[in-house]
Amino acid sequence: MHTIRTWDLPTRLFHWALVVCVVALVVTGNIGGDMMRLHFLLGYSVLTLVLFRVFWGILGGRWSRFSHFPMSPKSIKAYLAGQWPATHLGHNPVGSYSVLAILSVLLVQASTGLISDDEIANQGPLTSLVSGDWVSLATAWHTQLGKLLVLVLVVIHVAAIVVYKLKKGISLVPPMIHGDKTLDQPAPASADGWRQRLWAVALLAWSSALVWSLVHLADGG
């Protein structure tokens, strides 16, 4: 048997940080009131994490890269026909599309939050830079359809984990904790040394700086 590093540490930390932030966002958004200040901070955090994951999807470990997401029609057909190889590391075709869907929806959700206004006590930091029509549209999306899409994708994601465990006997959670998968034959591993981890810290700092600049874009305007 071969133990192979599949998920590098930056990918794993990103995953669990995103889980915590999304859950906290839903809770604080539903509570409202004084919790909205935390809600905004969590939204900025999610936007930072999503930007980081986009960069890491280009520059990260082998199986975290978008270039290794099996998304071709041939891959999807093989997966749906039950012919997907058990030796494949990384995401399967459906999982690949799921990751991109979650990232896309969260990116839109966080972005619309920047220009949303509940017309009571809370407004995004960039509402003054766009027209009232755009603010209304963004607010409606952020509080209704966008929120629903996030919840639906989260439920689907959790359901997929449960189905894999119950029907296929495959637990998807442990590898996202310790990073390794065990196969009966060798396969390429994701690089996960200190060089990659320092590079991830730099990308996270860059993502944070971009979000900070965006949030303060209207300052002094």
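Only a predicted model underlies this, so the values are computations on that prediction, with no experimental measurement involved.

Student: How should the packing of helix H2 (residues 35-59) against helix H7 (residues 194-215) be read in this particular structure?
Tutor: When two helices pack together, their arrangement is given by the angle between the helix axes and by the axis-to-axis distance. The geometry of H2 relative to H7 is characterised by a closest axis approach of 8 Å and an angle of 135° between their N-to-C directions. Classed by the angle they form, the pair H2 and H7 counts as oblique. Where H2 crosses over H7, the two elements pack in a sense that is right-handed. Together, Tyr44, Leu47, Thr48, Leu51, Phe52, Phe55, Trp56 and Leu59 of H2 and Gln196, Trp199, Ala200, Leu203, Leu204, Trp206, Ser207, Ser208, Leu210, Val211, Leu214 and Val215 of H7 make up the contact between the two elements. For the contact of H2 with H7, the per-class residue count stands at 16 nonpolar, four polar and no charged.

Student: Quick question: what am I supposed to make of the nonpolar core here?
Tutor: Soluble globular proteins tend to bury their nonpolar side chains together. In this structure, Phe14, Leu18, Val46, Phe52 and Leu106 are the most contacted members of the largest nonpolar core, which totals 22 residues. Elements with a contribution of two residues or more to this core: helix H1 (9-31), H2, helix H4 (93-113), helix H5 (132-167) and H7. Per element, the largest residue contribution to this core is seven residues, and it comes from H2. Among residues more than four places away in sequence, those in contact with valine 46 are Leu18, Cys21, Leu25 and Leu106. If you look at the next biggest cluster of nonpolar residues, it comprises nine residues, including Leu47, Leu114, Ala138 and Val215.

Student: Help me understand H1 in this model?
Tutor: In an α-helix there are 3.6 residues to a turn, and that puts residues three or four apart on one side. Here H1 is 23 residues long and its end C-alpha atoms lie 33 Å apart, about the 33 Å a rise of 1.5 Å per residue gives. By the burial criterion, the buried members of H1 are Pro10, Thr11, Arg12, Phe14, Leu18, Cys21, Val22, Leu25 and Thr28. The inward-facing, buried residues of H1 contact strand E1 (2-5), H2, H4, H5, helix H6 (173-178) and H7. Taken from the residues just after H1, glycine 32 is the one with a positive phi, measuring 70°.

Student: Would you explain the packing of aromatic side chains in this entry?
Tutor: The geometry of an aromatic ring pair comes down to the distance between the two centres and the angle between the two planes. Tallying each qualifying case throughout the model produces four aromatic pairs. Residues phenylalanine 55 and tryptophan 206 carry aromatic rings whose centres are separated by 5.0 Å and whose planes lie at 5° to one another, so their mutual orientation is stacked. One end of the pair, phenylalanine 55, is in helix H2; the other, tryptophan 206, is in helix H7, and 151 residues separate them in sequence. The exposure class of phenylalanine 55 is buried, given its relative accessible area of 19%. Between phenylalanine 66 and phenylalanine 69 the ring centres are 5.4 Å apart and the planes differ by 85°, which places this aromatic pair in the edge-to-face class. For phenylalanine 69, a relative accessible area of 7% corresponds to the buried category. A cation sits over an aromatic face here: arginine 62 above tryptophan 63, 5.0 Å from the ring centre. Positioned above the aromatic ring of tryptophan 194 is the side chain of arginine 197, whose terminal nitrogen or guanidinium carbon lies 5.4 Å from the ring centre.

Student: Help me out: how do you make sense of unusual backbone geometry in this one?
Tutor: One non-glycine residue, glutamate 119, adopts positive backbone phi at about 60°. Here glutamate 119 lies in the loop between H4 and H5. The exposure class of glutamate 119 is exposed, given its relative accessible area of 71%.

Student: I tried to follow the pattern of salt bridges on my own but got confused; where do I start?
Tutor: Counted by the stated rule, this structure contains four salt bridges. With its nearest N and O atoms 2.5 Å apart, the salt bridge here joins aspartate 192 to arginine 5. Of the two residues, aspartate 192 sits in the loop between strand E2 (180-183) and H7 while arginine 5 sits in strand E1, which places them 187 residues apart along the sequence. Classification of arginine 5 by relative accessible area gives partly exposed; the value is 23%. Put simply, aspartate 192 and arginine 197 hold a salt bridge, and the shortest N to O gap is 3.1 Å. Each of Arg5, Arg12, Asp180, Asp192 and Arg197 takes part in one network of salt bridges that share partners.

Thresholds, definitions, all that
Residues numbered from 1 in each chain as written. Predicted model: local features only at pLDDT ≥ 70, side-chain atom pairs only at ≥ 80, totals over all residues. Heavy atoms only, no water. Axes fitted to C-alpha atoms, helices over the stretch in contact; angles between N-to-C directions. Helix = DSSP H or I, 4+ residues; strand = E, 2+ residues; numbered from the N terminus. Parallel < 35°, antiparallel > 145°, perpendicular 65-115°, else oblique. Left-handed = near helix turned anticlockwise from the far one by under 90°. Contact = heavy atoms within 4.5 Å. Nonpolar A, V, L, I, M, F, W, Y, C, P; charged D, E, K, R; others polar. Core = buried A, V, L, I, M, F, W, Y, C linked by side-chain atoms within 4.5 Å. Buried < 20%, exposed > 50% of the residue type's maximum accessible area, 1.4 Å probe, protein only. Expected span 1.5 Å × (residues − 1). Phe/Tyr/Trp six-rings, centres within 6.5 Å; stacked < 30°, edge-to-face > 60°. Lys NZ or Arg CZ within 6 Å of the ring centre and 35° of its normal. Salt bridge = Lys/Arg side-chain N within 4 Å of Asp/Glu carboxyl O.

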